[in-house]
Amino acid sequence: MCVFESYDVVTFIKDVVTSVVYTTEYQSTKAQIEYNNQLFENEAKSLKKEAAEVRQEGIEEARRKKLNAILNIAEDKTDIAASNLSVNSLTALNLFDDEKLNADIEAQNVLNSADKKSNSYLEKSNEYYRKAQLSSYNFKNRYKQKYFNSLGSSFKSFADSLIEV
């Protein structure tokens, strides 16, 4: 009597088919996960680009605020000089200092707002990268376990048939 007779041919075919099904399912799911990960990474890159643009727009807006303040101060100086008042008087200097300070505060507020918005885009971007990494990690672990479990049951059936003899 052959040792392999007790290992049923039907069981063997079932085990092979199960392994093929898992392998096919693995390849199909792997392709889908890779596609999804590419979408996640593209979205993350897009958000990073958006964050950089928002930050740059904030810097430019702050620069415009400061430039407008400088122009306003120059305009005020010419108005004061045209009215035969002293541009160097304490009141005029306080006015100019206040205008410059207000412009600096406005510019800083614009920068802070832009940084806050930029950081929120970067956080979303990092979240998409984490989703892609987690998706790949979960996929690999799930299918490794499934595949090895199917192989394990095949080898167990075969080993059990050897022990029964």
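The sections below set out a description of the structure shown in this document. (Residues numbered from 1 in each chain as written. Predicted model: local features only at pLDDT ≥ 70, side-chain atom pairs only at ≥ 80, totals over all residues. Heavy atoms only, no water.)

## Digging into a nonpolar patch on the surface
Phase 1 of the analysis: Together, Ile13, Val17 and Val21 make up an exposed nonpolar region whose accessible area comes to about 250 Å².
Phase 2 of the analysis: With respect to the element layout, Val17 can be found in helix α1 (residues 9–82).
Phase 3 of the analysis: Here Val17 falls in the partly exposed class, since its relative accessible area comes to 45%. (Patch = residues over 30% accessible without salt bridge, like charges linked within 9 Å, V, L, I, M, F, W, Y side chains within 5 Å. Areas by Shrake-Rupley, 256 points an atom, 1.4 Å probe, with all protein chains shown as cover. Salt bridge = Lys/Arg side-chain N within 4 Å of Asp/Glu carboxyl O. Helix = DSSP H or I, 4+ residues; strand = E, 2+ residues; numbered from the N terminus. Buried < 20%, exposed > 50% of the residue type's maximum accessible area, 1.4 Å probe, protein only.)

## Concerning the side chain of Ser125
Phase 1 of the analysis: Summarising the element assignment, Ser125 is placed in helix α2 (residues 90–164).
Phase 2 of the analysis: Given the relative accessible area of 0%, Ser125 is considered buried.
Phase 3 of the analysis: Contact partners of Ser125, with chain neighbours within four places excluded, come to Ala44, Leu47 and Lys48. (Contact = heavy atoms within 4.5 Å.)

## Focus on the pattern of salt bridges
Two side chains with opposite charge may pair up if their charged atoms get near one another.
Phase 1 of the analysis: Under the defined criterion, the tally for this structure stands at six salt bridges.
Phase 2 of the analysis: Lys131 is paired through a salt bridge with Glu127; the nearest N and O atoms lie 4.0 Å apart. Of this pair, Lys131 and Glu127 both sit in helix α2, four residues apart, roughly one helical turn.
Phase 3 of the analysis: Judged by its relative accessible area of 38%, Lys131 is partly exposed.
Phase 4 of the analysis: For Glu127, a relative accessible area of 40% gives the class partly exposed.
Phase 5 of the analysis: One continuous salt-bridge network, built from bridges that share partners, spans Glu61, Arg64, Lys65 and Glu106.

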